[in-house]
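What follows is the residue order along each chain.
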Amino acid sequence: MPETRLDTARIRAARRVIDPIFLDTPLYRCEVLEPDLGCAVSIKLETANPVRSFKARGTEVVASRLADHGQRAVVCASAGNLGLALAWSGRGRGLDITVVASRFATAAKLDRIRALGATLELVDGDHEMARDRAAAIARYDGIRLLEDSLDIETCEGAATIGLELVDTVRSFDTVLIALGGGALATGVGHVVKTLAPEVEVVCVQPLGAPAMTHSWRRRRVVTTDSTDTIADGVAGRCPIPAVLDDLLLVADDAVLVQEGSIIAGMRMLLDHAGLVVEPSAALGIAAILEYRDRFAGRHVVTIVCGSNVDVDAYHRWVGAVPIHRRF
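Everything quoted here is computed from the prediction, not taken from an experiment. Sequence order as written defines residue numbering, which begins from 1 separately in each chain. Reporting in this predicted model follows two pLDDT cut-offs: at least 70 for local features of residues, and 80 or more for side-chain atom pairs to be given and counted; totals over whole chains, interfaces and linings ignore these cut-offs and use all residues. Hydrogens and waters are ignored; side-chain quantities use all the structure's heavy atoms.

Asker: For this particular structure, what's the right way to read the overall build of the chain?
Answerer: Secondary structure elements follow DSSP: runs of H or I of four or more residues count as helices, runs of E of two or more count as strands, with numbering from the N terminus. The helix and strand inventory of the chain stands at 14 helices and 10 strands. The size measure is the radius of gyration over C-alpha atoms, and the globule rule it meets is 2.2 Å times the number of residues to the 0.38 power. Computed over the C-alpha atoms, the radius of gyration of the chain is 18 Å, within 12% of the 20 Å expected from 2.2 N^0.38 for a compact globule of 327 residues. Each principal axis of the C-alpha distribution contributes one length, and for the chain these read about 55 × 45 × 40 Å. Here the chain holds 327 residues, and 57% of them are scored as buried. Three labels apply to residues, based on accessible area from a 1.4 Å probe with only protein chains included: buried if under 20% of the type maximum, exposed if over 50%, partly exposed otherwise in between.

Given below as structure tokens:
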């Protein structure tokens, strides 16, 4: 592996500080999906935990190190899941947590952040504005700024998912990873390419939030003026250069999917697998739907990365009744 910010030994060590409730998450072959998708599909379920997403793998590492070094406060910007995870990890270690988010973020995520005792500050803009405000708070208060994907703990915490994949699945051809800021993709991608280099790492992003995919394709940072997607968890506009460098080392491809495919993926996961997921978690299924021929006959693993979704919005997107059933 060429030079990268990630370290496999540190990733293995991260498992020792992450609460076991977030480790060894369900991983299973979901055969009921396969007739409609035309390939073997295994699901890595990162929603069966107290924060309903993979993000706590990273925040557990961050909070553990802060507590060990006597630091008592940390601030982050979040679309919801990172802040929720940091609030959970920080509460257990006596840390003061501040989360900055857009007031247009998913209400269910914001409510849970408050319920966990974090200070929540809302901005009248998107995630990039929240990042700027969080940085300002960190400077003014002299506290730790946690930057998702830039701070290596978030990537290496997420990378523990990769260890579980390569240690558990006997053989798979492709792993489909939701791509936002890049922590999940670079972390899992690093482990897979280090320990199972024959496996194809494919990142998936919404067509309405394509900045990191365009950056990967052009091998330089490409920003966008806005985003337009229901997948709020991956809706960034300004990729981080260091994270892009890591991604370029591990991603075999990055693809964009339409909103209709994301919704179809959510409905399939509900109908066939009984899973209520947020839009970002359905990106892998959306990619198979849109690029069916590419994945035909392969064994594909997709990481179902979050299920913090507003119930009313979910019903508007997928409907309360599944489209069809298979038994």
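Asker: What is the right way to read helix α9 (residues 211-218) from this model?
Answerer: The α-helix advances 3.6 residues per turn, and as a result positions three or four apart in sequence lie on the same side. Buried within α9 we find A211, M212, T213, S215 and W216. The secondary structure elements touched by the buried residues of α9 are β8 (200-206), α10 (241-250) and β9 (253-257). Taken from the residues just after α9, R219 is the one with a positive phi, measuring 60 degrees. The criterion used for residue contact is that any of the two residues' heavy atoms lie within 4.5 Å.

Asker: Teacher, can you tell me more about the nonpolar core here?
Answerer: For our purposes a nonpolar core is just a set of buried Ala, Val, Leu, Ile, Met, Phe, Trp, Tyr and Cys residues, chained together by side-chain atoms within 4.5 Å. The biggest cluster of nonpolar side chains holds 64 residues, and the ones touching the most others in it are L33 and V175. Sort the elements by how many residues they give to this core and helix α12 (residues 283-290) lands first, with 5 residues. The residues contacting L33, other than those within four sequence positions of it, are V41, I43, M268, L269, H272 and I285. A63, A87, I97 and A101 belong to the second-largest nonpolar core, a separate cluster that totals 29 residues.

Asker: I would appreciate a short explanation of helix α11 (residues 259-273) in the present structure.
Answerer: Its 15 residues place the ends of α11 20 Å apart at the C-alpha level, agreeing with the 21 Å of an ideal helix rising 1.5 Å per residue. Where α11 is concerned, the buried positions are S261, I262, G265, M266, M268, L269, D271 and H272. Against the buried residues of α11 lie α2 (34-37), β2 (40-45), β8, β9, α12 and α14 (311-318). For a helix, the expected span equals 1.5 Å multiplied by the number of residues minus one.

Asker: Looking at this model, I keep getting lost on the pattern of salt bridges. Mind explaining?
Answerer: Side-chain pairs of opposite charge can arise whenever the charged atoms involved come near each other. The term salt bridge refers to a side-chain nitrogen of Lys or Arg lying within 4 Å of a carboxyl oxygen of Asp or Glu. Applying the stated rule across the entire model yields 24 salt bridges. A salt bridge links R57 to E46, with the nearest nitrogen and oxygen atoms 3.0 Å apart. Taken together, the residues R57 in helix α3 (residues 56-68) and E46 in the loop between β2 and α3 connect sequence positions 11 residues apart. Note on E46: relative accessible area 1%, which makes it buried. Across the pair D253 and R294 runs a salt bridge, and its minimum N-O distance is 2.4 Å. Placement of the pair is D253 in strand β9 and R294 in helix α13 (residues 292-295), with a sequence separation of 41 residues. For D253, a relative accessible area of 18% gives the class buried. Within this structure, R15, D24, K44, E46, R57 and E164 form a network of salt bridges that share partners.

Asker: Can you walk me through the sheet that holds strand β3 (residues 73-77) in this structure?
Answerer: Hydrogen bonds between backbone atoms are what pair the strands of a sheet, whose relative direction is either parallel or antiparallel. Criterion used throughout: strands pair if DSSP finds at least two bridges between them. One open sheet accounts for 4 strands, arranged β5-β4-β3-β6; its pairing is parallel. Where the open sheet ends on each side, the last strands, each with one partner, are β5 (119-123) and β6 (144-146). Strand after strand, the sheet turns through a mean of 20 degrees between neighbouring axes, direction not considered. The sheet contact formed by β3 and β6 spans 3 bridges and is parallel. Interaxial angle, 0 to 180 degrees, is taken between N-to-C directions of lines fitted to C-alpha atoms, where a helix line uses only the stretch in contact.

Asker: I tried to follow the confidence of the model for the chain on my own but got confused; where do I start?
Answerer: When pLDDT is averaged along the chain, the result is 94; 97% of the residues meet or exceed 70. A residue's pLDDT is the confidence the predictor assigns to it, expressed on a 0 to 100 scale. In this model residues 320-327 is a low-confidence stretch, pLDDT under 50, and it forms 13 contacts with partners more than four residues away in sequence or in other chains.

Asker: Please explain the side chain of T186 as it appears in this structure.
Answerer: One can find T186 in helix α8 (residues 183-195). In this view, T186 contacts L6, C155, V243, D246, L247 and V250; residues no more than four positions away in its chain are not counted.

Asker: Any chance you could explain the packing of aromatic side chains here in plain terms?
Answerer: How two aromatic rings sit relative to each other is set out by the distance from centre to centre and by the angle between their planes. Between 30 and 60 degrees the pair is tilted, below 30 it is stacked and above 60 it is edge-to-face, where a pair is any two Phe, Tyr or Trp rings, Trp via its six-membered ring, whose centres lie within 6.5 Å. The tally for this structure, following the rule as stated, stands at 1 aromatic pair. Relative to W88, the ring of F22 lies with its centre 4.9 Å away and its plane at 90 degrees, an arrangement referred to as edge-to-face. Here F22, found in the loop between α1 (8-14) and β1 (27-29), pairs with W88, found in helix α4 (residues 81-91); they are 66 residues apart in sequence, far enough to count as distant. Classification of F22 as buried rests on a relative accessible area of 1%. W88 sits in the buried class, given a relative accessible area of 18%.

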